[in-house]
Amino acid sequence: MAITRFSVNGTGHAVGADPSTPMLWVLRDHLGYTGTKFGCGVAQCGACTIHLNGEAIRSCQLPLDSVAGAEITTIEGLKDHGGARLQQLWADLNVPQCGYCQSGVLMAAADLLKRKPQPTDADIDEAITNICRCGTYPRIRAAIKRASLA
């Protein structure tokens, strides 16, 4: 079995696992980064969203062999990669209800704000395709809008 080397939140890792193993399971089961959640398993709900080389991507369908040499940021490292204010606003505005999906939503929101520091409502609707069963979308939008005012 080949060893795949990559970085998570600034720390180098070498993982020997089946190259087709989804990064979601590599992160959770092999490396202990459990903030990234399993939702649907087909890259639709967004609970598993991480940043791969600075871009939001759904990790449940991302095979291990596609991340060789890459830099991955998970929710555990978001505060150190420009997400501290966004995470604080999430708490201040009581965005999460059950909270299960929110790590993925935060990762998508951070990616949006990096690409479009002043997003419109349409930009938010286009970028935040994560599913929240609790329906906290108005609070998600409010937190993103407030973060864009900084």
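Please refer to the structure higher up on the page.
This write-up is about the structure you can find in this document. (Residues numbered from 1 in each chain as written. Predicted model: local features only at pLDDT ≥ 70, side-chain atom pairs only at ≥ 80, totals over all residues. Heavy atoms only, no water.)

## Remarks on the packing of aromatic side chains
For clarity, the cut-off: Side-chain rings of Phe, Tyr and Trp (the six-membered ring for Trp) are treated as a pair once their centres are within 6.5 Å; stacked means planes under 30 degrees apart, edge-to-face means over 60, and tilted covers the remaining angles. A helix here means a DSSP run of H or I that spans at least four residues, while a strand means a run of E at least two residues long, and both kinds are numbered starting from the N terminus.
In this structure the tally under the stated criterion is one aromatic pair. Ring plane angle 35 degrees and centroid distance 5.4 Å describe the contact between Trp25 and Phe38, whose orientation is recorded as tilted. Residue Trp25 is found in helix H1 (residues 23–30), and its partner Phe38 is found in the loop between H1 and strand S3 (49–52); the two are separated by 13 residues along the sequence.

## Description of the pairing of strand S2 (residues 11–16)
Consecutive side chains of a regular strand alternate in pointing toward one face of the sheet and then the other. Put simply, the rule reads: Two strands are counted as paired when DSSP detects at least two bridges linking them.
When strand S1 (residues 3–8) meets S2, the two strands line up antiparallel, connected through six bridges. Bridged to Thr4 within S2 is Val15. Connecting the antiparallel pair S1 and S2 is a turn made up of two residues, with Asn9 showing a positive phi of about 55 degrees.

## What to know about unusual backbone geometry
For Asn53, which is not glycine, the phi dihedral falls at a positive 50 degrees. Along the chain, the position of Asn53 falls in the loop between S3 and strand S4 (55–58). Even without being glycine, Asn94 reaches a positive phi, approximately 50 degrees. You can see Asn94 is positioned in the loop between helix H2 (84–92) and helix H3 (102–115).

## A few points about H2
Our working rule: Each residue gets one of three labels from its accessible area relative to the maximum for its type: buried under 20%, exposed over 50%, partly exposed in between, using a 1.4 Å probe on protein chains only. This arc is taken over the directions from the axis of the helix to the C-beta atoms. Any two residues having at least one pair of non-hydrogen atoms within 4.5 Å are treated as being in contact.
Inspection of H2 places Leu86, Leu89 and Trp90 among the buried residues, and these make up the whole buried set. Buried residues of H2 fall within an arc of 105 degrees about the axis and therefore sit on the same side. Looking at the buried residues of H2, the elements they touch are H3 and helix H5 (137–148). Directly beyond the C-terminal end of H2, a positive phi value near 50 degrees is found at Asn94.

The analysis is restricted to geometry; functional conclusions fall outside its scope.
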